[in-house]
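A structural walkthrough
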Amino acid sequence: MIIVLVGQCCSGKDSIARELISKYSYKRVVSNTTRPMRAGEKNGVDYYFWDELPFNREVISLKEYHTAQGTWYYWFNADDIEKAAKSADNYIVIADIDGAKILAEYGAKIIYIHADLDVRMGRYYNRVSKDKNPDYKEVLRRLIADVKAFDDFDFKDTVINQDKPLSIAVNEVNDIIRGYEKWC
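The following refers to the structure shown. (Residues numbered from 1 in each chain as written. Predicted model: local features only at pLDDT ≥ 70, side-chain atom pairs only at ≥ 80, totals over all residues. Heavy atoms only, no water.)

**Focus: helix α2 (residues 78-86)**
The condition that has to hold: Residue burial is assigned from relative accessible area. The probe radius is 1.4 Å, only protein chains are included, and a residue is buried under 20% of its type maximum, exposed over 50%, and partly exposed in between. Elements are defined by DSSP. Helices are runs of H or I of four residues or more, strands are runs of E of two residues or more, and each kind is numbered from the N terminus. Note that the arc is defined by the directions from the helix axis to the C-beta atoms. The contact rule is simple, with two residues in contact once any of their heavy atoms fall within 4.5 Å.
Within α2 the residues assigned to the buried category are Ala78, Ile81 and Ala84. When α2 is viewed along its axis, its buried side chains cluster within an angular range of 135° and face the same direction. Across from the buried face of α2, at angles greater than 90 degrees, the exposed residues are Asp79, Lys83 and Lys86. In this fold, the buried residues of α2 make contact with β1 (2-6), β5 (59-67), β6 (70-77), β7 (91-94) and α3 (97-104).

Printed below as a string of structure tokens:
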């Protein structure tokens, strides 16, 4: 089963995914991007980092973002998604809203990770301030874009509020996944 964690930037999706994989042995579908690697990220773990789009692969949910630093692309390899969809294992995927909708066509279950704006702003500032050349203009662009993107989307049945301690949010997400397993 594919479990998609979706949420605005710095809502805690990556932290929850890492803990689920570590604590409960879920697997992860790693997505691809052309954006630069951030401090602490690892190729093949956080993303597969590319200099340009590979034109020799079938991709799913290709997304183009116009950022303050240039155009970045994000996508999934079709083979990775199809393998996860057919597997008896649970795979964690992090995606944007459009990607989540596409992955739902493969039977994915979507869990929305929410964090209040002030919490997300603090997290984003802390993350970006560690960069060699912090791009605060991009921080603002991303926060505003996410507010717009999530404005009309209703996740009321699968919301995890990540303003609480990480361990509680991880356990709540795991409980939701266990509930899905009962129905699959």
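**Digging into the packing of helix α1 (residues 13-24) against helix α6 (residues 166-183)**
So the rule is basically this: As a rule, the C-alpha atoms of each element are fitted with a line to give its axis, helices using only the stretch in contact, and angles between N-to-C directions run from 0 to 180 degrees. Each angle gets one of four labels, with under 35 degrees taken as roughly parallel, over 145 as roughly antiparallel, 65 to 115 as roughly perpendicular, and the rest as oblique. In this scheme the handedness of a crossing depends on how the near helix is turned from the far one: anticlockwise by less than a right angle means left-handed, clockwise means right-handed. In this classification, Asp, Glu, Lys and Arg are treated as charged, Ala, Val, Leu, Ile, Met, Phe, Trp, Tyr, Cys and Pro as nonpolar, and every other residue, Gly included, as polar.
Relative orientation of the contacting elements α1 and α6 amounts to 70°, with a least axis distance of 10 Å. Taken together, the axes of α1 and α6 are roughly perpendicular relative to one another. In the packing of α1 onto α6, the handedness of the crossing is right-handed. Contacts between α1 and α6 involve Ser15, Ile16, Glu19, Leu20, Lys23 and Tyr24 from the first element and Leu166, Ala169, Val170, Asn171, Val173, Asn174, Ile177 and Arg178 from the second. Across the contact of α1 with α6, the residue classes break down as eight nonpolar, three polar and three charged.

**Section: the environment of Ile177**
You can see Ile177 is positioned in helix α6. Relative accessible area serves as the criterion here: at 0%, Ile177 is assigned to the buried category. Separated by 31 residues in the primary sequence, Ile177 and Asp146 place their C-alpha atoms 25 Å from one another. Not counting the four nearest positions on each side in its chain, Ile177 is found in contact with Met1, Ile3, Leu20, Tyr26, Asn90, Ile92 and Ile111.

**Remarks on the sheet that holds strand β4 (residues 48-49)**
For the record, the criterion: Two strands are said to pair when DSSP picks up at least two bridges between them.
Taking strand neighbours across the sheet as the criterion, the four strands line up as β4-β3-β6-β5 in an open arrangement whose pairing is mixed. Edge positions in the sheet fall to β4 and β5, since each of these pairs with one other strand and no more. Direction of pairing for β5 relative to β6: antiparallel, over a ladder of seven bridges. Looking at β6, one finds that Lys63 is bridged to Tyr74. Most of the contacts of α2 go to β6, to which it runs at about 40°, and overall it touches β5 and β6. Sheet strands touched by α3: β5 and β6. Its angle to β5, the strand with the most contacts, is close to 175°.

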